[in-house]
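# Geometric and topological summary
This is what each chain is made of:
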Amino acid sequence: MRFVANATLNEEPLYFAYRRSSSNNQLKETFHSHRGTEILFIHQGKGTMIVNNISYDIRPGMLCIFQPFQLHHLKLDYSDQQVFERSLATFEPSMFECYFEQWPALHAFYKHINLSELESPCIYDIEENHELVTVFLGMQQKLISLPETEQLEEVSLFLISLFRSLKPLWMKQQANSVPFRTRKNHQVEHMLHWIEKHYTAPFQLQSMAKALHLSPYHLSHLFKEMVGISITDYIATRRIHQAVTLLTTTDKSIQLIAEEIGITNTSYFCKFFKSRMGITPHQYRKKWNK
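Cut-offs used in this document
- Every chain begins its residue count from 1, and numbering advances along the sequence as written.
- Under the rules for a predicted model, residues below a pLDDT of 70 receive no local features and side-chain atom pairs below 80 are neither given nor counted, while totals for whole chains, interfaces and linings still include all residues.
- Excluding hydrogens and water, the side-chain values take into account all heavy atoms of the structure.
- Helical segments are the DSSP runs of H or I of at least four residues, strand segments are the runs of E of at least two, and each set is numbered from the N terminus.
- Partly exposed describes any residue whose relative accessible area lies between the buried limit of under 20% and the exposed limit of over 50%, with all areas from a 1.4 Å probe on protein chains only and scaled to the type maximum.
- Here, residues are in contact when the closest pair of their heavy atoms is within 4.5 Å.
- Note on areas: Shrake-Rupley with a 1.4 Å probe; residue coverage comes only from the protein chains shown.
- To obtain each axis, a line is fitted to C-alpha atoms, and for helices this fit is confined to the stretch in contact; angles are then taken between N-to-C directions over 0 to 180 degrees.
- Angle categories: roughly parallel below 35 degrees, roughly antiparallel above 145, roughly perpendicular from 65 to 115, and oblique for all the rest.

Before going further, it helps to spend a moment on the overall build of the chain. The helix and strand tally for the chain stands at eleven helices and nine strands. Across the 290 residues that make up the chain, the buried fraction comes to 48%. For the chain, long-range pairs separated by at least 24 residues make up 71% of all intrachain contacts whose partners lie at least 6 apart in sequence. If you sum the accessible surface of the chain, you get close to 15000 Å²; carbon and sulfur atoms cover 49% of it.

Here's what the structure looks like:
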């Protein structure tokens, strides 16, 4: 197992960070996904989160769950010297599932969070002194002097404690709360849903604008303002995301994958993929299967 603390993770089994801060536009996220599950707790900050083509308010005390290969995006508000501070753990669910098996109820909850279709990815209004937040602190303190031989054991205990503290919060939300949807962003949700239906076809701004009853200029401007990237950049990201999913979860040929995401020229697809991911589709699949 390889443990990664305070570094960028896209394909490592575990990534952990405690109270990492960003300000003055230091963190500008684009739409992305991970091969593992990410649990993110926000200590400070505001903005908008988009996941499953739905937007949610970002606010302190918010916990977010991003499942494997789930495309998501955080658009942060740095006005008035706002700081974005978060703790997070991203991990490969299958690697740690065996440690939950001796507790059937907790094991079932672990599988639900990682595999089921969640009604909402967010929990709000978690206090800083809540047990879940102290679990992150405890892991941070252990990392200071943790021998490599004990990493797997400590990470497993951390995840068990994290899910034990998360479970009652999750159950309470399911029974009582309503997600803090971002009302002003309902228009961008309609745009994202339209793209989801059409991203494998050649993009025509006029067709999209007509379908959504907006002028092409207003559509482009509104999307860039609310999402942070252009429509064409988002469509490229969505195509790459689907390509990565197919490369890592199927044995379909490179040519067939290219066709399924709307690119008929395999050579162009390979160049397009490499420009975004740094390696060719074949190299990515080979690296994944190691």
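On we go.
Our next topic: the environment of L222. By the secondary structure assignment, L222 is in helix α7 (residues 216-227). Expressed as a C-alpha distance, the spacing of L222 and M191, which sit 31 residues apart in the sequence, is 9.8 Å. Beyond its immediate sequence surroundings of up to four residues, L222 is in contact with Q187 and M191.

Below, the discussion takes up the side chain of H241. Note on placement: H241 falls in helix α8 (residues 231-249). For H241, a relative accessible area of 12% puts it in the buried group. Every residue in contact with H241, bar those within four places of it in the chain, is listed here: S33, F69, Q70 and L71.

Here we come to unusual backbone geometry. The phi angle at D80 is positive, at roughly 55 degrees, despite the residue not being glycine. Within the secondary structure, D80 is located in the loop between β7 (72-76) and β8 (83-91). By relative accessible area, D80 is classed as exposed at 69%. Positive phi is not limited to glycine here, since D125 has a value of about 65 degrees.

To continue, consider the packing of helix α6 (residues 205-212) against α7. When two helices pack together, their arrangement is given by the angle between the helix axes and the distance between those axes. Packing of α6 against α7 leaves a shortest axis separation of 9 Å and a crossing angle of 90 degrees. On the basis of their axis angle, the class for α6 and α7 is roughly perpendicular. Side by side, α6 and α7 meet where L205, Q206, M208, A209 and L212 of the first sit next to P216, L219 and S220 of the second.

Read these as layout, nothing more, since geometry by itself doesn't imply function.
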